[in-house]
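Architecture at a glance
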Amino acid sequence: MKKVLFLLWLAVVAAPAAHAQGGGLSSKEYAGGEDGTASRNSGFGIKGGYNLSDLKGSGASVFPNSRALNGFHGGVYGQFGFNNFASMQVELLYIRKGFATGQTTVTTGGTTTTYAARDNRLDYLELPILFVGNITETLSFHLGPQVSLLTKVKSGAEDLDLNDNGYNSLDYGAAAGVEARLGPARLGVRYGLGLGKIYEDGAVVKYNNTALFANGIADRDIRNQTFQVYLGIGFRR
């Protein structure tokens, strides 16, 4: 994840400098040299791909054997071009986040319990609102906030009630990535960092209807982080 963050940061920092030095696009480099809503930056489309998600934050160590979870996302987007360099992209995605746990042994109050390995899946409706800057005619960087609504939680084969298990239904954070496009096709990578906490105050995490920590989670600094690879198909307005 650190390498991914470094590459995304490098792309975001380098892009404005390249544009200012003449490495960016002039209006003539687009078909017809059009600006604004008529530019190549405007349109809509569909997208979907692969996620690798896990936990971040000082409280994530409460799950000692946690590891990344394979998931997916898919949805639609609309893009509005301000000029041939800058545009805003709004997306609505269904995305699976979460984490996997290996076999875990926990001792609470002198009682030792062993929990089997399982996937812990958190399904969200996610709304990213991203600034898009074109580095070249085919390569762009994306950066902006996102907000997510938790719709479903599943631990292993067990569906968990959001309220009874102390999950925050709303998450928010930021996303950054790079995208290449050829004709109507788009291929991109993105990193999403949750800034909201997954669990509410006093949340009691349960496995098989058994509380993992009887007194709730002591450190709630447990957040989502997600690495995405996606493919999209776009249509100009």
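So, here's what we can say about the structure.

About the cut-offs
- Residues numbered from 1 in each chain as written.
- Predicted model: local features only at pLDDT ≥ 70, side-chain atom pairs only at ≥ 80, totals over all residues.
- Heavy atoms only, no water.
- Helix = DSSP H or I, 4+ residues; strand = E, 2+ residues; numbered from the N terminus.
- Buried < 20%, exposed > 50% of the residue type's maximum accessible area, 1.4 Å probe, protein only.
- Contact = heavy atoms within 4.5 Å.
- Areas by Shrake-Rupley, 256 points an atom, 1.4 Å probe, with all protein chains shown as cover.
- Polar contact = N/O pair within 3.5 Å; in protein donor to acceptor, adjacent residues only side chain to side chain.
- Phe/Tyr/Trp six-rings, centres within 6.5 Å; stacked < 30°, edge-to-face > 60°.
- Lys NZ or Arg CZ within 6 Å of the ring centre and 35° of its normal.

**A closer look at the overall build of the protein chain**
- Helix and strand counts for the protein chain stand at one helix and 14 strands.
- For the protein chain, the residues scored as buried account for 46% of the 237 residues in total.
- Here the contacts in the protein chain between residues at least 6 apart in sequence split such that 70% fall between residues at least 24 apart.
- Approximately 11,400 Å² of the protein chain is accessible, and the part contributed by carbon and sulfur atoms is 60%.

**Structural notes on the side chain of Asp-221**
- The residue Asp-221 is located in the loop between β13 (210–211) and β14 (223–236) in this model.
- Here Arg-223 takes part through its side chain, which lies 2.9 Å from a polar atom of the side chain of Asp-221.
- Not counting residues within four places of it along the chain, the set of residues in contact with Asp-221 comprises Lys-56, Gly-57, Ser-58, Gly-59, Ala-60 and Lys-197.

**What about the side chain of Ser-87?**
- Mapped onto the secondary structure, Ser-87 falls in strand β4 (residues 86–101).
- The class for Ser-87 is buried, based on a relative accessible area of 0%.
- A polar contact of 2.8 Å, which involves the side chain of Ser-87, links it to the side chain of Gln-79.
- Contacts of Ser-87, omitting those with residues within four sequence positions, involve Asn-41, Gln-79, Phe-80, Gly-81, Phe-82, Leu-130, Phe-131 and Val-132.

**Digging into the packing of aromatic side chains**
- Per the counting criterion, the structure on display carries five aromatic pairs.
- When the ring of Phe-80 is compared with that of Phe-82, the centres are 5.5 Å apart and the planes differ by 75°; the resulting orientation is edge-to-face.
- Directly above the ring of Tyr-230 sits Lys-47, whose terminal nitrogen or CZ lies 3.6 Å from the centroid.
- Here the guanidinium or amino end of Lys-97 rests over the ring plane of Tyr-124, the centre of that ring lying 5.2 Å away.

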